[in-house]
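Spelled out, the chains give:
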Amino acid sequence: MSQTKPEPKLIAENRKARFDYFIEDRYEAGLVLQGWEVKAMRAGKAQLTESYVYVKNGEAFLYGAHITPLNTASTHVIAEPTRTRKLLLNRAELEQLKDVVERSGYTLVPLELYWKAGRAKIRIGVAKGKKQHDKRATEKDRDWQRDKARILRTR
């Protein structure tokens, strides 16, 4: 009898990243969080829309991710919703990411935030920016897929 792994529970997704960038590669990283942030993420109060990942001094950081503090958050802790959070990656992954970003002109974008085995994880994408005509082609293809599904449903 084989056991299937439980599906990770999604907290937040950065849909705009898939529209604005070609995602070449994906990495999974842990996050260094404070207690109030974990509680807020369990309540689904996180956004990745304007965030990005930066590798500096051999460490990766998440900038601009917004975690809205709950009203019931601790009174003795000053909650900063958009503070910089450290990402947990192993040394080889950090070196790979640093090389790709510096050499090839790629950027690191957070794709989704989710729970895995009770721990908060973030999926990072190594991405190349799309030009305007690429975005139009993506939108056109998406519209065609939607229309095609609609046509097949009516028959």
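Note: the structure precedes this text.
Predicted, not measured: the structure shown is a model, and the values here were computed from it.

Details of the overall build of the chain
So, step 1. Along the backbone of the chain there are 4 helices and 9 strands.
So, step 2. In sequence order, the secondary structure elements of the chain are arranged as β-α-β-α-β-β-β-β-β-α-β-β-α.
So, step 3. For the chain, the proportion of its 155 residues judged to be buried stands at 30%.
So, step 4. A sequence separation of at least 24 residues applies to 69% of the contacts in the chain between residues at least 6 apart.

A few points about helix α2 (residues 35–42)
So, step 1. All of the buried residues along α2 are W36, E37, A40 and M41. Buried residues of α2, viewed axially, fall in a sector of 135°; they line one side. For α2, exposure combined with an orientation more than 90 degrees from the buried face picks out G35 and K39.
So, step 2. Contacts from the buried residues of α2 go to β1 (9–13), β3 (46–47), β6 (66–67), β7 (85–88), β8 (107–116) and β9 (119–129).
So, step 3. Immediately downstream of α2, the backbone of G44 shows phi near 80°, a positive value.

Focus: the nonpolar core
So, step 1. Core analysis: the biggest nonpolar cluster contains 27 residues, and M41, L87, L113, I122 and I124 have the highest contact counts within it.
So, step 2. For this core, the element with the highest residue contribution is β9, accounting for 4 residues.
So, step 3. The contact partners of L87, leaving out residues within four places of it in the chain, are A29, G30, L31, V53, A60, F61, L62, I122 and I124.

Rules used in this analysis
Within each chain, residues carry numbers counting from 1 in the order of the written sequence. Since the coordinates come from a predicted model, pLDDT governs what is reported: local features require at least 70, and pairs of side-chain atoms require 80 or more to be given and counted, while whole-chain, interface and lining totals use all residues. Processing note: side-chain calculations cover all non-hydrogen atoms of the structure and skip hydrogens and water entirely. Secondary structure elements follow DSSP: runs of H or I of four or more residues count as helices, runs of E of two or more count as strands, with numbering from the N terminus. Only protein chains enter the calculation, and the probe is 1.4 Å; a residue is then buried if its accessible area is under 20% of its type maximum, exposed if over 50%, and partly exposed in between. By definition, residues are in contact when any of their heavy atoms lie within 4.5 Å. Picture the helix axis, draw a direction to every C-beta atom, and the arc is the one those directions span. Each nonpolar core is a collection of buried residues, namely Ala, Val, Leu, Ile, Met, Phe, Trp, Tyr and Cys, held together in the definition by side-chain atoms within 4.5 Å.

Function cannot be inferred from these measures alone, as they are strictly geometric.
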